[in-house]
Amino acid sequence: MRYFILAIAVCLHSPLAFSSDIEPRELIQQAMDHWRGLSSYSEMSMTIHRPDWERSMSMRSWTKGDKISLVRVIEPKKDAGSGTLTKDNNMWTFAPKINRIIKVPSSMMSQSWMGSDFSNKDISKSTDILDEYEHTLVETREDGQHAVYVIESVPHEDAAVVWGKEVLFIRDDFILLEQQFWDQDDVLVKTMKAREIKTLGGRTVASTIRMGKEEAPEEWTEMSVQDIEFDISNPDSLFTLSSLRNPRR
Amino acid sequence: MKNRLPLKAMLTLAWRNLWRNYRRTLIMLAAITVGVWAMIFMTALMRGMVDDMLLNGIRSLPGEVQIHHPQYRDDPSINNSFEEPTEKLLDALQIPEVKGWAKRVRVPAVISSERDSRGITLLGVNPTNEIQLSFDLKNIIEGRFLEDQQDRGLVIGAKLAQRLETRLGKRVVVMSQDPQNNIVDQGFRIVGIYKARLPGLEEIYVYSGLETVQKLLKLEQNISEIAITGEDYRNVQHWYPRIKEAAGEQLETVPWYKADTYLGSMLKMMDGFVLVWIVVIFLALSFGLVNTLMMAVYERIREIGLMQALGMRPGMILYQILLESFLLIVIGLCLGNMIAVSTIIPLRDGIDISAVSQGMEMMGSSSMLYPALQLNDVLLANAVVIVLGLLTSLFPAWQAASYDPIEALGKE
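Residues numbered from 1 in each chain as written. Chains lettered and ligands numbered in written order. Predicted model: local features only at pLDDT ≥ 70, side-chain atom pairs only at ≥ 80, totals over all residues.

A.B. asks: If you had to explain the overall build of chain B to someone new, which residues and values would you point to?
C.D. replies: Across its full length, chain B holds 15 helices and twelve strands. Taken across its 412 residues, chain B has 40% of its residues classed as buried. Counted over contacts in chain B with a minimum sequence separation of 6, partners at least 24 positions apart contribute 81%. (Helix = DSSP H or I, 4+ residues; strand = E, 2+ residues; numbered from the N terminus. Buried ≥ 20, exposed ≤ 12 C-beta atoms within 10 Å, placed from the backbone. Contact = placed C-beta atoms within 7 Å.)

Quick look at the structure:
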């Protein structure tokens, strides 16, 4: 009997409980919330790989809600202190060497963020996918004990998105396994893929994510999370320009 | 005046003298003809080239007369926009000299496709006005031009499409800033691709509907500029002050030659250049002319002596030689003008110089050269040849007139 109750409890708790009636937009929302929490603090490292060189940097990041985040570089020394603040689609960067905060102008939004394969836009607008796309569940796959939902998201006509479609692979425990960016001729351009899944901060999350272009398989950027805490209280004062310039934590 | 021969007799004499040595005269005629042809033809080509540069320049200025916010020309940002034209200005734009005018939003923006992104100038336009003003529908090589102010499509240049690795019917994203410096962006579908006379412009100008762009940039009814064209860019100074007055002090109204002083001085420089060119060709010609006349005089020393002995005054002899030279020049001019005009007319539709188009593009002119025959230039060439021609003929004529009859008759 105990097992039975347990089983029901598991069922109720399990994401599988809604698998019969999956709302794709809801699923993406859940995956985003799962990754971000209401607020979070994380320590991560980023590796930029090119055929002839590779470099890593480690950084800390704070988020609050969908639209506010602060990232600060800790290592290597020559980049330490530089950071990025994003707030409602606007973005500022701080470079300690010149002691200046620069608001990233629209002309630079599609350029690379800190030399990586992520664009500034990827960093600042990652939740836009919810509202600016039309989502359809195309397939449910089995992956061991988990179900993986394949969602095709096609941007609205006016959406500020260059992609023809994005394909998201979301596991039933809300882990975004893979995000594919397709151009308008249905050619795969770049892929963001979870390479390692770990339990961190009490949640199972994709701890290593790699972004790479299809055309250049030897060029990629890997973000790997060492530590993450969810639902902590990040004060609003943390996400200000003065805090970007003068780190208080 | 009993010693004066009637003009008719003088003409007959001059005419016959000309054809005494017909070979020499023909060669001289050929030289004058070719010289005059070169003056007129080359001038027309140069005029055509400069006209083309000016028109292209004025078109991208963006008009013969332009109205802007006073700071716009220094800082073409969205903040330097102004409100819709007032009644007074609208009235002033009705004057007959104004052929077309258009209001535009014109801001720097970034366009991105899946593969690349580029800086551009985004133009929010009213397509009907734009066509009146300068946009040629023949330039659209694929798709269509915008249909109205609300058109949500995008018309981009062929070169830009190639750089972005995109094409007709695909979506691209345009990003810019609103007056509060917030980033605004929107997806647009490419509905048309145009080819500009200058490929450089294809990469810069991207057109969309005026209202669409105003909405994207949160500009409400504001615009960045009013561009105005008239019949002829050379006559702008006659009518532009009226527009300037109507536009008022708080807006800046400038004609093209002030907006771009380089283009403005180009026109004046060209006038000077044409004169120099004509005079240089004439100098080459004049040696031949003097030589021909000197030979003619030299051959006829005895004859001139005889005429003087018979009572012809030196002045008459001077007159006689000048008349010969005048006949020679006039025949040469007639032939030269005829040949020049008949070579320019078949080339009216342009000479394809695309083989050197890259170089020409750097100069700001396009790969088709349209010769521009101007009456003024033709008159100038003819006047220079006649006046300077007669002046140079004075020397041999004066020499002939100053012979001593006895000495001349004694020459073998």
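A.B. asks: How would you explain the overall build of chain A if you had to name every residue and give the values?
C.D. replies: The helix and strand inventory of chain A stands at five helices and 13 strands. The proportion of buried residues among the 249 residues of chain A is 33%. Sequence separation of at least 24 residues holds for 43% of the intrachain contacts in chain A that already meet a minimum separation of 6.

A.B. asks: Explain unusual backbone geometry to me, using residue names and the numbers behind them.
C.D. replies: Residues and elements named next belong to chain A. Going from Glu75 to Pro76, the amide bond is cis rather than trans, its omega being -5 degrees. In this structure, Pro76 sits in the loop between strand 3 (68–75) and strand 4 (83–87). Its identity as a non-glycine residue notwithstanding, Met114 has a phi of 55 degrees, on the positive side. Along the chain, Met114 turns up in the loop between strand 6 (100–103) and helix 3 (120–124). Residues other than glycine seldom take positive phi values, yet Asp186 does so here, at roughly 60 degrees. Asp186 sits in the exposed class, given 8 other C-beta atoms within 10 Å.

A.B. asks: Before we move on, could you go through the packing of helix 2 (residues 22–59) of chain B against helix 14 (residues 375–401) of chain B and cite the residues and values that matter?
C.D. replies: All names here are of chain B. Helix 14 packs onto helix 2 with a crossing angle of 150 degrees between their chain directions and a minimal axis gap of 10 Å. By the angle class used here, helix 2 and helix 14 are roughly antiparallel. Between helix 2 and helix 14 lies a crossing whose hand is right-handed. Across from Val36, Met39, Ile40, Thr43 and Arg47 in helix 2, the residues of helix 14 making contact are Asp377, Val378, Ala381 and Val385. Class assignment of the residues belonging to the contact of helix 2 with helix 14 gives a composition of six nonpolar, one polar and two charged. (Axes fitted to C-alpha atoms, helices over the stretch in contact; angles between N-to-C directions. Parallel < 35°, antiparallel > 145°, perpendicular 65-115°, else oblique. Left-handed = near helix turned anticlockwise from the far one by under 90°. Nonpolar A, V, L, I, M, F, W, Y, C, P; charged D, E, K, R; others polar.)

A.B. asks: I'd love a proper account of the pairing of strand 7 (residues 183–194) of chain B, names of residues and values included.
C.D. replies: The side chains of a regular strand alternate, first on one face of the sheet and then on the other. Residues and elements named next belong to chain B. Counting buried residues along strand 7, ten of its twelve residues qualify, which places the element largely inside the surrounding structure. Where strand 5 (residues 153–157) meets strand 7, five bridges bridge the pair, whose relative direction is parallel. Pairing of Ile156 across the sheet is with Ile193, part of strand 7. As judged from the seven bridges shared by strand 6 (residues 171–177) and strand 7, these two strands associate in the antiparallel manner. Its bridge partner lying in strand 7, Val173 is registered against Gly187. The antiparallel hairpin formed by strand 6 and strand 7 contains five residues in its connecting segment, where Asn181 sits at a positive phi of about 70 degrees. (Pairing = 2+ DSSP bridges.)

A.B. asks: I'd like a rundown of the environment of Trp398 of chain B, residues and numbers included.
C.D. replies: All names here are of chain B. With respect to the helices, strands and loops of the structure, Trp398 is situated in helix 14. Among the residues examined, Trp398 registers 14 C-beta atoms within 10 Å and is labelled partly exposed. In this structure the C-alpha to C-alpha distance between Trp398 and Gly315, which are 83 residues apart in sequence, comes to 8.7 Å.

A.B. asks: Which residues make up helix 14 of chain B, and what values go with them?
C.D. replies: Residue and element names in this part refer to chain B. When the terminal C-alpha atoms of helix 14 are compared, their 38 Å separation across 27 residues agrees well with the 39 Å that a helix rising 1.5 Å per residue should span. Taken as a whole, helix 14 carries its principal kink of about 35 degrees at Leu394; the proline Pro396 stands between one and four residues after it. Among all positions in helix 14, only Asp377, Ala381, Asn382, Val385, Gly389, Ser393, Pro396, Ala397, Ala400 and Ala401 are buried. Buried residues along helix 14 sit against helix 2, helix 10 (261–299), helix 11 (301–309) and helix 12 (314–344). (Expected span 1.5 Å × (residues − 1). Bend = angle between axes of the 7 residues up to and from the residue.)

A.B. asks: If you had to explain the pairing of strand 10 (residues 252–255) of chain B to someone new, which residues and values would you point to?
C.D. replies: Residues and elements named next belong to chain B. Side-chain alternation along strand 10 places Thr253 and Pro255 on a buried face and Glu252 and Val254 on a face that remains uncovered. Note that strand 1 (residues 65–68) and strand 10 share four bridges and pair antiparallel. Residue pairing across strands places Gln66 opposite Val254, the latter belonging to strand 10.

A.B. asks: Break down the interface of chain B and chain A for me, citing the residues and quoting the values.
C.D. replies: At the interface, 18 residues of chain B touch 18 residues of chain A. Within the residue set of the side of chain B that touches chain A, elements represented by two or more residues are strand 2 (98–112), strand 3 (117–125), strand 6 and strand 7 of chain B. It is strand 6 of chain B that provides the largest number of residues to the side of chain B that touches chain A, a total of six residues. Each residue belonging to the side of chain B that touches chain A can be placed in one class, and the counts come to five nonpolar, nine polar and four charged.

A.B. asks: How would you explain the nonpolar core if you had to name every residue and give the values?
C.D. replies: By size, the foremost hydrophobic cluster in this structure holds 116 residues, and its most contacted members are Ile170 of chain A together with Val172 and Val206 of chain B. At seven residues, the largest contribution of residues to this core is made by strand 2 of chain B. Shared between two domains, this core takes at least three residues from each, and those domains are domain 1 (7–57 + 264–410) and domain 2 (62–259) of chain B. Other than its neighbours up to four places away in sequence, Val206 of chain B contacts Ile111, Ile120, Leu122, Leu123, Leu154 and Ile156 of chain B. Judged by nonpolar contacts, the second largest core, of 31 residues, contains Leu18, Val385, Ala397 and Ala400 of chain B. (Core = buried A, V, L, I, M, F, W, Y, C linked by C-beta atoms within 7 Å. Domains from an automatic or database assignment.)

A.B. asks: Can you explain the confidence of the model for chain A? Please cite residues and give values.
C.D. replies: Scored by pLDDT, chain A comes out at a mean of 81, with 89% of its residues at no less than 70. Considering only residues more than four positions removed or in separate chains, one finds that residues 1–20 of chain A, a stretch of pLDDT under 50, has nine contacts. (pLDDT = per-residue confidence, 0-100.)

A.B. asks: Could you give an account of the environment of Ala31 of chain A, with specific residues and numbers?
C.D. replies: Among the secondary structure elements, Ala31 of chain A is positioned in helix 2 (residues 24–36). Contacts of Ala31 of chain A, omitting those with residues within four sequence positions, involve Ile170, Phe174 and Leu176 of chain A.

A.B. asks: Summarise helix 2 of chain A; cite the residues concerned and give the values.
C.D. replies: All names here are of chain A. Its 13 residues give helix 2 an end-to-end C-alpha distance of 18 Å, which sits within 8% of 18 Å, the value for a rise of 1.5 Å per residue. When we look at burial in helix 2, the residues that qualify are Pro24, Leu27, Ile28, Ala31, Trp35 and Arg36. In an axial view of helix 2, the angular spread of the buried residues amounts to 160 degrees, which keeps them on one side of the axis. Once helix 2 ends, the next one or two residues include Gly37, with phi positive near 70 degrees. (Arc of directions from axis to C-beta.)

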